[in-house]
Amino acid sequence: MKLLITGGAGFIGSAVIRHIINNTDNEVINLDKLTYAGNLESLAEVSASERYSFEQVDICDRAEVDHVLAKHQPDAIMHLAAESHVDRSIDGPADFIQTNIVGTYTLLESTRQYWQTLAPAERVRFRFHHISTDEVYGDLPYPTHLGAFVEGGREGEEPFLFTEQTPYAPSSPYSASKASSDHLVRAWQRTYGLPVLITNCSNNYGPYHFPEKLIPLVILNAIEGKPLPVYGEGDQIRDWLYVDDHARALYKVLTEGKTGETYNIGGHNEKQNIVVVQTICDILQHLLPKDSSYRDQIIFVQDRPGHDRRYAIDASKIQRELGWVPEETFESGIQKTVLWYLANRDWCQRVQDGSYQRERLGVSKPD
Ligand code: NAD
């Protein structure tokens, strides 16, 4: 197969490309605008493969997207390109509306036009896989067994895990823009018959994660002796999934999933943010001992506005229907992640000092 992957220079997209090039015979075309979040150095181990190529294109640019589709004639598209950082969406929502909504619309229209030119058998086989987030569902009641209060008596009134049937209730500009894109993708299936798949996944973590996100930020600040900022009281709950487990799940859905279906993907790893931060501190204490405790670097900062309190995914459908289960527990995945950041200080340094953006590797424009 020839797979066009949008956002392949990002955190999850690069994991998907590494997974596909290393474990299958498929060809990959990486279509990425290279925003601040796009880093071709995350693809260094596969970019020399003759089955890999790169196109620096903005998904909002219809003419360039049309050109790439006509040039490469993909058998399937995995759409990961997005603005993805919630805090940035609060400070400036415009890019989120543009890329996540207008960009997805543009890609859908370009894909529809291309798909209609395919032979009937190819049209049936074609797949447009839209990668989305569990944040579209809003947040869940907060469990009392973790020792914290329950907001407004909501406990018991709603299901305790997000299922594929959970109504959408996004809270942030980021999650609202992703919810909009999910609706567009479903409409293109229903109205035009485009064969689509949607996956909604919980928080990912692992190697090559941009250092503005909680886990890499904490690891790097801890070893640099800087404060470890935690929002509010750190009691927000996220369901963490190791990024390589997500990459395997996405490839499974693309190749074995039923078009028109949605699959939730999650790690069954609900952790309070403060527990995540303390766990990283404890791993570092063991790996890089020092006189004081890394935990002493934790500081509590003003909470994010509209901060969702709890996300948790019911991933039983993908397990039951496609046989996918995560390979990593949170304990094994976080250990691997800390070790990766310690062993790859160069990659981190080049992100932190901006040199990854100044010296783009092998960038090509469509001819
Ligand atoms: P990321 O921010 O690390 O990467 C996004 C990539 O998209 C970057 O390479 C960037 O250059 C590219 N991009 C941005 N705007 C573009 C545009 N207009 N045209 C072309 N390329 C553009 O994001 P990520 O964490 O890898 O997330 C990938 C996808 O998975 C997103 O759609 C996100 O909503 C979804 N998701 C992420 C998580 C998570 O925990 N990170 C969880 C569930 C779902």
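In short, a report on the structure. (Residues numbered from 1 in each chain as written. Predicted model: local features only at pLDDT ≥ 70, side-chain atom pairs only at ≥ 80, totals over all residues.)

Glancing now at helix 1 (residues 11-23). With 13 residues, helix 1 extends 18 Å between its outermost C-alpha atoms, agreeing within 8% with the 18 Å of an ideal straight helix rising 1.5 Å per residue. Most of helix 1 is tucked away, with 10 of its 13 residues classed as buried. Along helix 1, the residues classified as buried are Phe11, Ile12, Gly13, Ser14, Ala15, Val16, Ile17, Arg18, Ile20 and Ile21. (Helix = DSSP H or I, 4+ residues; strand = E, 2+ residues; numbered from the N terminus. Expected span 1.5 Å × (residues − 1). Buried ≥ 20, exposed ≤ 12 C-beta atoms within 10 Å, placed from the backbone.)

The sheet contact formed by strand 1 (residues 2-6) and strand 4 (residues 76-79) spans 4 bridges and is parallel. Within strand 4, the residue paired with Ile5 across the bridge is Met78. (Pairing = 2+ DSSP bridges.)

Moving on to the pairing of strand 5 (residues 127-133). With 7 of 7 residues buried, strand 5 is to be regarded as a mostly interior element. Both faces of strand 5 are covered, namely the face carrying Arg127, His129, Ile131 and Thr133 and the face carrying Phe128, His130 and Ser132. Alignment of strand 4 against strand 5, held across 4 bridges, turns out to be parallel. If you follow Ala76 over to strand 5, its bridge partner there is Arg127. Pairing of strand 5 with strand 6 (residues 196-201), which is carried by 6 bridges, proceeds in the parallel orientation.

Here we come to the packing of helix 4 (residues 94-116) against helix 6 (residues 173-192). It is at 8 Å that the axes of helix 4 and helix 6 come closest, and there the two elements cross at 15°. Comparing the axis directions of helix 4 and helix 6 gives the class roughly parallel. The chirality of how helix 4 crosses helix 6 is right-handed. Judged by residue contacts, Phe96, Ile97, Asn100, Ile101, Thr104, Tyr105, Leu108 and Arg112 of helix 4 engage Pro173, Tyr174, Ser177, Lys178, Ser180, Ser181, Leu184, Val185, Trp188 and Tyr192 from helix 6. (Axes fitted to C-alpha atoms, helices over the stretch in contact; angles between N-to-C directions. Parallel < 35°, antiparallel > 145°, perpendicular 65-115°, else oblique. Left-handed = near helix turned anticlockwise from the far one by under 90°. Contact = placed C-beta atoms within 7 Å.)

On to the sheet that holds strand 1. Pairing in this open sheet of 7 strands is parallel, and the strands run 3-2-1-4-5-6-11 from one edge to the other. If you trace the sheet from one side to the other, it starts and ends with strand 3 (52-56) and strand 11 (262-265), each paired once. In this sheet, neighbouring strand axes are inclined to one another by 20° on average, regardless of whether the strands run parallel or antiparallel. Judged from the 4 bridges that link them, strand 6 and strand 11 form a sheet pairing that is parallel. Residue pairing across strands places Thr199 opposite Tyr263, the latter belonging to strand 11. Each of strand 4, strand 5, strand 6 and strand 11 touches helix 8 (residues 243-256); the most contacted strand, strand 6, lies at about 160° to it.

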